[in-house]
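What the coordinates show
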Amino acid sequence: MPLTPPTDAELDTMIRARLASLGIDLNQLPAGTASDPETGSPGQASVLASLRSFMRTTVAELSAYQLPFAGPAGSADPALLSQQAVPPALYPSIDTARRTA
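The model shown is predicted, which means the values in this text are computed figures rather than measured ones.

With that out of the way, let us pick up the overall build of the chain. Counting secondary structure elements, the chain contains 4 helices and 0 strands. When its helices and strands are written in sequence order, the chain yields α-α-α-α. Per-residue burial over the chain gives 12% buried out of 101 residues. When contacts within the chain are restricted to residue pairs at least 6 apart in sequence, those whose partners lie at least 24 apart make up 31%. Surface accessibility of the chain: about 8,200 Å² in total, with carbon and sulfur atoms responsible for 62%.

What follows is the structure, given as structure tokens:
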């Protein structure tokens, strides 16, 4: 069953919820598409239209990206790509010196 793309209303709900979880309230912006003449803040409708466009294009492209990996079959191996070889170190130079000593 093919996925159906979300409607504008569904995307608006998701965007507002995500921004609210970060502490951003779009209701603080002026209503409509006109920007605030005093602060230059964009209107709510302009912000939502821009974020809907971002969600429909860039996010889909980023989620479809796969790291290049030349495995035995010449294709990406999700099991190998999901594992990080070395965890990040707080002080890499000290960690490198310890491993090479």
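Relative to the helices and strands, Ser-46 resides in helix α2 (residues 44-64). Along the sequence, Ser-46 and Ala-31 sit 15 residues apart, while their C-alpha atoms lie 9.3 Å from each other. Those residues in contact with Ser-46 that sit more than four places away from it in its chain are Gly-32 and Thr-33.

A word on α2. Between its first and last C-alpha, α2 extends 29 Å over 21 residues, near the 30 Å set by a 1.5 Å rise per residue. At Met-55, α2 shows its maximal kink, close to 35 degrees. For α2, the complete set of buried residues consists of Gln-44, Val-47, Leu-48 and Arg-52.

A few words on the side chain of Arg-52. With respect to the helices and strands, Arg-52 occurs in helix α2. Judged by relative accessible area, which is 15%, Arg-52 ranks as buried. Sequence-distant contacts of Arg-52, defined by excluding residues within four places in its chain, comprise Asp-8, Leu-11, Asp-12 and Ile-15.

The next subject is helix α1 (residues 8-21). Compared with the 20 Å implied by 1.5 Å per residue over 14 residues, the 20 Å span of α1 between its first and last C-alpha is a close match. Among the residues of α1, Leu-11, Asp-12, Ile-15 and Leu-19 are the ones counted as buried. The arc enclosing the buried residues of α1, seen along the axis, measures out at 100 degrees, which places them on a common side. In α1, the exposed positions angled more than 90 degrees off the buried face are occupied by Ala-9, Thr-13, Ala-20 and Ser-21. Summarising the contacts, the buried residues of α1 are in contact with α2. A positive phi of about 90 degrees marks Gly-23, the residue just after α1.

With that out of the way, let us pick up the nonpolar core. Listed in full, the 5 residues of the largest apolar core are Ile-15, Leu-19, Leu-26, Val-47 and Leu-48. Of all the secondary-structure elements, those providing two or more residues to this core are α1 and α2.

When you line up the elements, Gln-44 lands in helix α2. In contact with Gln-44, other than residues within four places in its own chain, are Arg-16, Leu-26, Asn-27, Leu-29, Pro-30, Ala-31 and Gly-32.

Calculation criteria
Residues numbered from 1 in each chain as written. Predicted model: local features only at pLDDT ≥ 70, side-chain atom pairs only at ≥ 80, totals over all residues. Heavy atoms only, no water. Helix = DSSP H or I, 4+ residues; strand = E, 2+ residues; numbered from the N terminus. Buried < 20%, exposed > 50% of the residue type's maximum accessible area, 1.4 Å probe, protein only. Contact = heavy atoms within 4.5 Å. Areas by Shrake-Rupley, 256 points an atom, 1.4 Å probe, with all protein chains shown as cover. Expected span 1.5 Å × (residues − 1). Bend = angle between axes of the 7 residues up to and from the residue. Arc of directions from axis to C-beta. Core = buried A, V, L, I, M, F, W, Y, C linked by side-chain atoms within 4.5 Å.

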